[in-house]
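Listed below are the residues making up each chain.
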Amino acid sequence: MSEFEAATIAFQNATIAFQNASLWATYAQAGVAGLVGLVQCVLIASGLKIMQRSTADRQRQTDLAEKRHEESMLALHQQGEALRTLIERTAPR
């Protein structure tokens, strides 16, 4: 075997080794990208859950505020009626 043939075979072996290393690097990159995508999905899902809980809490607060408002308006109406009655009773005739 000539020196040129030996160099060609060595070069081919080095090229194959480089391709194998590149293949493993590609697999590693794909694995890391998949892991990052999975983490992003988990973060988005947890953010949506937090937003859903926040919306439910806000709705409960709104319902409670509406109930308090209705109670306040009823009390105000009753006070108005009481004042009208008081004015009618104490007004000179």
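Higher on the page you've got the structure.
Being a predicted model, the structure only gives us computed values, none of them experimental.

Student: It is not clear to me how the overall build of the chain should be interpreted in this structure. Could you clarify?
Tutor: Secondary structure summary: the chain contains one helix and zero strands in total. Here the C-alpha radius of gyration of the chain, 40 Å, is well above what a compact globule of 93 residues would show, namely 12 Å. Projected onto its principal axes, the C-alpha coordinates of the chain cover approximately 135 × 15 × 5 Å. Buried positions account for 0% of the 93 residues belonging to the chain. Of the roughly 8600 Å² of accessible surface on the chain, 65% is carried by carbon and sulfur atoms. With 9 positive and 9 negative side-chain charges, the chain shows a separation of 18 Å between the mean positions of the two kinds.

Student: Looking at this structure, I do not really get a negative patch on the surface. What am I missing?
Tutor: A surface patch of like charges, here negative, comprises Asp63, Glu66, Glu70 and Glu71. Within the secondary structure layout, Glu66 lies in helix α1 (residues 3-90). Here Glu66 falls in the partly exposed class, since its relative accessible area comes to 45%.

Student: Looking at this model, I keep getting lost on the pattern of salt bridges. Mind explaining?
Tutor: Pairs can form between side chains of opposite charge once their charged atoms are near each other. Tallied over the full model, the rule gives two salt bridges. In this structure, Asp57 engages Arg60 in a salt bridge whose closest nitrogen and oxygen atoms are separated by 2.8 Å. One end of the pair is Asp57 and the other is Arg60, both in helix α1 and three residues apart, which spans about a single turn. Look at Asp57 and you get partly exposed, because its relative accessible area is 36%. Glu81 serves as the salt-bridge partner of Arg84, at 2.8 Å between the closest nitrogen and oxygen. In this pair, Arg84 and Glu81 both sit in helix α1, three residues apart, roughly one turn of the helix. With relative accessibility at 47%, the residue Arg84 sits in the partly exposed group.

Student: What is the right way to read a nonpolar patch on the surface from this model?
Tutor: On the surface, Leu35, Leu38, Val39, Val42 and Leu43 cluster together to form a nonpolar patch covering roughly 490 Å² of accessible area. By secondary structure assignment, the location of Leu38 is in helix α1. Taking relative accessible area as the criterion, Leu38 reaches 52% and is therefore assigned exposed.

Student: Can you help me understand the environment of Tyr27 in this one?
Tutor: Residue position: Tyr27 is located in helix α1. C-alpha separation for the pair Tyr27 and Met1, spaced 26 residues apart in sequence, amounts to 37 Å.

Conventions and cut-offs
Residues numbered from 1 in each chain as written. Predicted model: local features only at pLDDT ≥ 70, side-chain atom pairs only at ≥ 80, totals over all residues. Heavy atoms only, no water. Helix = DSSP H or I, 4+ residues; strand = E, 2+ residues; numbered from the N terminus. Rg over C-alpha atoms; globule rule 2.2 N^0.38 Å. Buried < 20%, exposed > 50% of the residue type's maximum accessible area, 1.4 Å probe, protein only. Areas by Shrake-Rupley, 256 points an atom, 1.4 Å probe, with all protein chains shown as cover. Lys, Arg positive; Asp, Glu negative; His and termini not counted. Charge placed at Lys NZ, Arg CZ, Asp CG, Glu CD. Patch = residues over 30% accessible without salt bridge, like charges linked within 9 Å, V, L, I, M, F, W, Y side chains within 5 Å. Salt bridge = Lys/Arg side-chain N within 4 Å of Asp/Glu carboxyl O.

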